[in-house]
Structures are given as C-alpha cells and as structure tokens.
Amino acid sequence: MSLAKVCITYRLEFFTPVHVGAGTGGRGFLDKYLYRERDYHQKKDYPIIPGSTIKGRLRAAVTALARAQVYGPEEACRETEDCPCLVCLIFGQKGNRRGHLYFEDARPTYNDIDRLVGVRPGIAMDRYRRVARDNALYTVETVGGKNVVFQGQIWGWVPEEKRQTVVAALKDAFAFNYALGFGKSRGLGWFRVQVVEEGSGKCGTP
Ligand SMILES: [Zn+2]
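Remember, it's a predicted structure, so these values are computed and weren't measured experimentally.

J.: Help me understand helix α3 (residues 163-175) in this model?
T.: Note: α-helices contain 3.6 residues per turn, so residues at a spacing of three or four share the same orientation. Its 13 residues place the ends of α3 19 Å apart at the C-alpha level, agreeing with the 18 Å of an ideal helix rising 1.5 Å per residue. What α3 keeps buried is the set V166, V167, A169, L170, A173 and F174. The buried residues of α3 occupy an angular sector of 160° when projected down its axis, which confines them to one face. In this structure, α3 carries Q164 and A175 as exposed residues pointing more than 90 degrees from its buried face. Where α3 is buried, its residues touch β1 (3-14), α1 (51-67), α2 (86-91), β6 (101-103), β10 (148-159) and β11 (191-197).

Following this line, the structure appears as structure tokens:
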C-alpha cells in the first residue's frame, strides 16, 4: 500500500467575535476565557482555536456525510476495530486507533491580536425552562470579529487511492460548519472558510 501526503490549509474568516474556550474558570474574574497558547520568543500568549476543536467539528460532519453514503457504501463506518472507513482513517477511533491526520491549532494571522480581545456579557439560560437563571449574569472573553482570520493546517499520510476522497471529505466538512465556539445562537463565532490543498512540502515535516 503506497501512501500519499495530504496537506490542507484552512482559513476561518470571522465576521463576529468568537469564543473558543478552555471551559469555565480561569485566572481572573471573567467566567469564560479564550484558549491561549504561549509564545516563548515574544514572551506573551495569544488566543488560538485548538486543533482538537476543529477535529471534533469535522469528525461530526464527515461521520454524518459518510453515514448518508455520500462517499459510497464502503465508507460508512462499521464500528469494528479494524474498520477501514473514511471516518476511522481520518480521525481514528475513540480510545483505540489513531487517525492518519494531524489537526494543528488555528492561529491568528494578525500580529496584534490582543487588541481585538474583548468581553461580552451574557445571561445564562435555564436549558429546560428557557428562562434566565437567578444571578446568572456572566462574562465571556471573545476575540474579533470583523476580518479576524485564524489559520491552521491538517496533514498526514493516507493510502494513495483514498487521498482524493479524504481531501473532498474535509472540504465538505468545513462547508458544513459556519459558526464555532460558545454563543453561536447569539451571533458569536460566525465565519466563512477557505480550504486550500497545498503542495506536500507546505505542511509538517516534508
Ligand atoms: Zn469506521
């Protein structure tokens, strides 16, 4: 079986502020902080969108598409240990086999990104009763929104005969997604996406 390298660059162009966080709690007095990465050279940190977040969203979309047999009946997941389907190939299996692709974090393309970090107040809603909870005002750290671009790469080696399907599935999966992170229903995190297939030397190790 010969392997072929897949290398994809994706750009998420946000037109509303986005919050992709590490969960509640954090360093100060806000309720939800952005996920950040440390830049040791410049001795500062900056917001990122973790590759695992991107991977999770794409996995859900490719799973749905493969189940609908968009890529043919053979690509629907059998959920066995040695399943050769597209989902298992790209994303691996939970707690078992690793996928063939790496999902790198998406980083802002704008250097001075912290100037675009802000705080949004929100009101926590009761999920079941659909009313505001008592004392439920909270604050969310956001970044953006107009023209803020986060860029990341997905790459790895897949069986040659699957390469085109893998690339097509990833592009389809991105097209499935139009908002990311917390507060989507309230207008946070809306983006449009550009997905470019690159030459093999543009990703990871050559
Ligand atoms: Zn499978």
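J.: Would you mind going over the coordination of the zinc ion with me for this structure?
T.: Under ideal tetrahedral coordination, the four donors around a metal are separated by 109.5 degrees; under ideal octahedral coordination, the six donors are separated by 90 or 180 degrees. Note on the zinc ion: its protein donors are C77 (SG), C83 (SG), C85 (SG) and C88 (SG). The metal-donor distances range over 2.3 to 2.4 Å. Considering all 4 donor atoms around the zinc ion, the spread of angles at the metal, 104 to 118°, places the coordination shape in the tetrahedral class. Between consecutive donors of the zinc ion, the numbers of intervening residues give the motif C-x5-C-x1-C-x2-C. Classification of C83 by relative accessible area gives buried; the value is 1%. Assessed through its relative accessible area of 2%, C88 is described here as buried.

J.: How should the environment of I90 be read in this particular structure?
T.: Along the chain, I90 turns up in helix α2. On the basis of relative accessible area, I90 is assigned to the buried category, the value being 0%. Setting aside anything within four residues of it in sequence, one finds I90 in contact with G99, H100, L101, F103, V166, A169 and L170.

J.: Got a minute to help me understand the packing of α1 against α3 in this structure?
T.: The description of two helices packed together rests on the angle between their axes and the distance between the axes. Contact geometry for α1 and α3: axes closest at 8 Å, N-to-C directions at 105°. On the basis of their axis angle, the class for α1 and α3 is roughly perpendicular. Residue-level inspection shows I54, L58, A61, V62 and L65 of α1 in contact with α3, the latter providing A169, L170, D172, A173 and F174. Split by residue class, the contact of α1 with α3 holds 9 nonpolar, no polar and 1 charged.

J.: Just checking my understanding: could you explain the packing of aromatic side chains for this structure?
T.: Each aromatic ring pair is summarised here by two numbers: the centre-to-centre distance and the angle between the ring planes. Evaluated as defined, the whole model comprises 7 aromatic pairs. Ring centres of Y102 and W155 lie 4.7 Å apart, and the angle between their planes is 35°; on these two criteria the pair is classed as tilted. Here Y102, found in strand β6, pairs with W155, found in strand β10; they are 53 residues apart in sequence, far enough to count as distant. Since its relative accessible area comes to 9%, W155 is described here as buried. Put simply, the rings of F14, F150 and F191 touch in pairs and so form one group of aromatic residues. The ring of F182 carries the charged tip of K32 above its face, separated from the ring centre by 4.5 Å.

Basis of the calculations
- Residues numbered from 1 in each chain as written.
- Predicted model: local features only at pLDDT ≥ 70, side-chain atom pairs only at ≥ 80, totals over all residues.
- Heavy atoms only, no water.
- Helix = DSSP H or I, 4+ residues; strand = E, 2+ residues; numbered from the N terminus.
- Expected span 1.5 Å × (residues − 1).
- Buried < 20%, exposed > 50% of the residue type's maximum accessible area, 1.4 Å probe, protein only.
- Arc of directions from axis to C-beta.
- Contact = heavy atoms within 4.5 Å.
- Donors = N, O, S within 2.8 Å, 3.2 Å for Na, K, Ca; no water.
- Tetrahedral: all angles 85-135°; square planar, octahedral: opposite > 155°, others 65-115°.
- Axes fitted to C-alpha atoms, helices over the stretch in contact; angles between N-to-C directions.
- Parallel < 35°, antiparallel > 145°, perpendicular 65-115°, else oblique.
- Nonpolar A, V, L, I, M, F, W, Y, C, P; charged D, E, K, R; others polar.
- Phe/Tyr/Trp six-rings, centres within 6.5 Å; stacked < 30°, edge-to-face > 60°.
- Lys NZ or Arg CZ within 6 Å of the ring centre and 35° of its normal.

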